[in-house]
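Working through the structure, step by step
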Amino acid sequence: MTLTKPAPITAGRLDTRSRERLARAESLLRQLERTGAPFTKDTVIAPLNDLQVELHNLSAECGIYIAMHPDPEVQQLAEKLQREANELGQRQLQSRPLYDALAAIDASSLGPVERRFVDVARLDMRRAGAELGPAERDRARALRAELTRLGQEHARHIREDTRFVALEGPHELDGLPADYIAAHQPGADGVIRISTNPPDHQPFMTYARSDRARRALQTAYLDRAPQNVEVLAALTRTRHDLARVLGYPTWAHYNVEDRMVGTPEALQRFFTELDEASAEAAKAEVAVLLEEKRLEHPGATTVGDWESSYYLNRVKTKRFSFDAQEVRPYLEYGRVRQAILDLNSELFGMTFTPVVHEERWHPTVESFDVTIDGQPVGRISLDMHPRERKNKWFFNAPLRLGVGGKQEGHGVLCCNFPDPTTLSGPALMEHAHVVTYFHEFGHLVHGLARRSVPFVRLSRTEGDFMEAPSTFLEDWIFDFKVLTRFAKHVETGAPIPESLVRRLRAARGFGRAIRTRQLIARSRLSLALHDGTRPGADPRQVEREINERYGLFERIPNTASPASWEHMDTDAYSASYYTYLWSQTIAEDLHTAFDGDLMNTAVSRSYRDKILAPGGTKPAADLVRDFLGRPYDLRAFKEWLSG
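Summary of the structure given here. Just so it is clear, the structure is predicted and the values come from calculations on it, not from any experiment.

Topic: the pairing of strand β4 (residues 366–372)
- Within β4, five of the seven residues are buried, which leaves it mostly tucked inside the rest of the structure.
- Summarising the sheet, strand β3 (residues 350–355) and β4 pair through six bridges and their orientation is antiparallel. Residue pairing in the sheet places T353 in a bridge with D369 of β4.
- As paired elements, β4 and strand β5 (residues 375–383) share seven bridges and run antiparallel to each other. Within β5, the residue paired with I372 across the bridge is Q375.
- In textbook terms, the turn of a hairpin is the stretch between consecutive antiparallel strands, and for β4 and β5 this stretch comprises two residues, one of which, D373, has a positive phi near 50°.

What to know about the nonpolar core
- With 131 residues, the main nonpolar core has F204, I380, Y437, F441 and W476 as its most contacted residues.
- Here this core gets nine residues from one element, more than from any other, and that element is helix α15 (residues 431–449).
- The contact partners of W476, leaving out residues within four places of it in the chain, are L343, L347, F438, V482, H591, F594, L598 and M599.
- Counting residues in hydrophobic clusters, the runner-up holds 49 residues, among them A25, A85, L88 and L110.

Regarding the layout of surface pockets
- Estimated volume of the second largest pocket: approximately 660 Å³.
- Along the walls of the second largest pocket sit 30 residues, with H184, P199, D200, T422 and L423 positioned nearest its centre.
- Elements represented by at least two residues in the lining of the second largest pocket include exactly α7 (178–182), β2 (193–195) and α8 (198–207).

Things to note about unusual backbone geometry
- With an omega dihedral of 0°, the bond running from A37 to P38 counts as a cis peptide bond.
- Here P38 shows up in the loop between α1 (11–34) and α2 (41–68).
- In this model, S321 sits at a positive phi of 50°, which is unusual for a non-glycine residue.
- By the secondary structure assignment, S321 is in the loop between α13 (308–320) and α14 (333–348).
- The class for S321 is partly exposed, based on a relative accessible area of 45%.
- Positive phi values are uncommon outside glycine, yet N558 reaches one of about 65°.
- Here N558 is to be found in the loop between α20 (539–550) and α21 (579–591).

Basis of the calculations
- Residues numbered from 1 in each chain as written.
- Predicted model: local features only at pLDDT ≥ 70, side-chain atom pairs only at ≥ 80, totals over all residues.
- Heavy atoms only, no water.
- Buried < 20%, exposed > 50% of the residue type's maximum accessible area, 1.4 Å probe, protein only.
- Helix = DSSP H or I, 4+ residues; strand = E, 2+ residues; numbered from the N terminus.
- Pairing = 2+ DSSP bridges.
- Core = buried A, V, L, I, M, F, W, Y, C linked by side-chain atoms within 4.5 Å.
- Contact = heavy atoms within 4.5 Å.
- 1 Å grid on protein atoms, 1.4 Å probe; cavity = no way out; pocket = protein on both sides within 12 Å on 5 of 7 lines; lining within 4 Å.
- Points joined across faces, edges and corners; volume = space filled by probe spheres on them.

And the structure:
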């Protein structure tokens with residue numbers, strides 16, 4: 001029964017619940033290590049899954065509170081509990097008796113999903129050190145604990161560092177939308193300040209005419225969390241040490257082994273192929289931006305990264321008669337949120353019923369109970385606006401993972417969009433932010449759709465496929481039929497004109513090659529930090545070298561960048577930032593099944609059932625083949641890239 005007055009989680013309640021989960025997990029591990037022959041799915045697989053449910057529930061809940069809970073006591077306790085859960089998880093992964101018990105199960109007694117669970121579980125255990133001797137196992141576990149601690153520290157420094165830039169006067173707001181200017185009035189000291197939070201940062205970098213102010217804001221943005229220069233160096237060094245203990249030449253080899261790409265060598269070939277597809281087009285696009293800059297600065301030879309968004313918008317305005325500000329009045333936050341719910345209802349057979357989450361951690365959090373085809377599947381919560389001590393990025397994570405036959409899921413979105421309650425007027429969004437909203441909601445849909453997967457470990461797919469289902473949804477926000485459903489002018493109520501959408505779509509094409517090259521460069525940096533050539537090196541120097549070879553824009557010197565790069569916190573993107581590019585190439589191929597009709601619900605339901613619902617019960621390449629009727633390839637992405 002849903003409470004009308006939520007009781008926010010307290011440190012005491014979180015500690016009690018987590019201790020109970022740890023105790024149950026510890027008991028299950030002891031039971032598994034005492035189990036004797038015959039080894040069966042009932043004596044090994046089922047209790048191992050129960051153990052993983054307990055640990056995942058604890059880690060997931062703590063992860064949400066670390067990122068979003070406003071009480072520092074809860075955040076600090078959640079970090080401590082998460083470390084303890086990870087330590088127990090490592091003990092399970094390194095258990096030689098359990099590793100051998102899984103191998104001893106008669107494969108003929110198992111179904112295909114159970115056999116895949118055994119294969120994947122043993123791979124995880126080998127990668128954690130189950131085959132090592134006692135001393136090496138202890139060393140690997142100690143290094144893993146250190147990585148957890150460093151990752152938490154890295155994230156905390158970013159979360160707690162919001163910067164503000166003082167403008168020299170109201171004239172430095174010239175070019176900004178009227179609603180933005182209205183929301184940024186002088187303070188008591190007469191000074192206008194702009195924060196590094198996304199709702200402030202992105203519009204300012206796109207529209208502000210003041211080159212001085214844009215550069216100052218970008219400098220502040222890049223200089224956040226300077227302590228992380230040393231933390232990131234320690235992360236790369238410790239990751240390399242762990243990889244060597246586990247028998248891998250580098251962390252990059254370890255990090256991509258269980259992904260679709262397989263090896264760093266295959267990843268380099270992927271980069272080379274995309275280089276060939278994008279290099280000339282990106283060079284031409286940058287030349288256009290430089291030409292635009294020279295109208296004001298005749299002697300300019302480069303475009304700075306603090307001005308690239310500004311000149312990109314100016315070029316789109318001139319070439320395609322499209323100014324991103326034109327779309328803002330049609331993208332009011334409340335309408336956008338409702339449109340996303342409505343669209344996913346139609347595409348995937350979902351219903352979203354508003355509820356108040358019993359342990360809502362902040363008053364702005366909205367929650368919905370969800371059904372698919374009339375069957376309850378769980379809950380989602382939306383924590384969508386910036387505040388102090390909250391993660392500054394955009395991501396989805398489970399508060400509770402859906403496990404078939406055991407528990408319904410509860411997915412959470414953490415975003416940083418304009419907050420309607422803090423503005424005197426409507427909360428208008430950038431179209432780019434709406435695209436991000438659709439992207440992140442795609443992760444939520446994926447989590448809900450795989451509700452029937454019976455094993456915690458098989459809920460997730462290969463790491464470099466996980467962005468494909470969310471990237472896949474981005475195209476809908478450029479479709480006229482979709483936009484006309486909700487994009488109404490905030491003052492007149494008039495629907496968005498088809499001519500404006502045509503110009504939006506035309507303008508979208510310009511800058512694709514630049515964006516692709518930027519992703520390749522960032523992916524190369526991720527790899528270079530972990531390729532074993534110099535573990536523990538100053539990440540600023542590594543970034544400078546990558547930018548000198550692959551960067552398109554002049555960089556601001558002497559900042560802490562890449563210290564505030566959120567993706568470096570954990571294994572997920574450590575050497576594998578390429579995941580976004582890899583997933584995008586697959587997402588473009590998936591779109592071909594719709595043959596131009598994005599609202600074809602027969603295709604979208606097939607996509608739900610063949611791509612989303614199976615989770616990791618099959619290799620991702622098999623899921624794509626099931627849906628498309630053929631293996632995926634890069635043709636659709638290259639066509640998209642060429643415009």
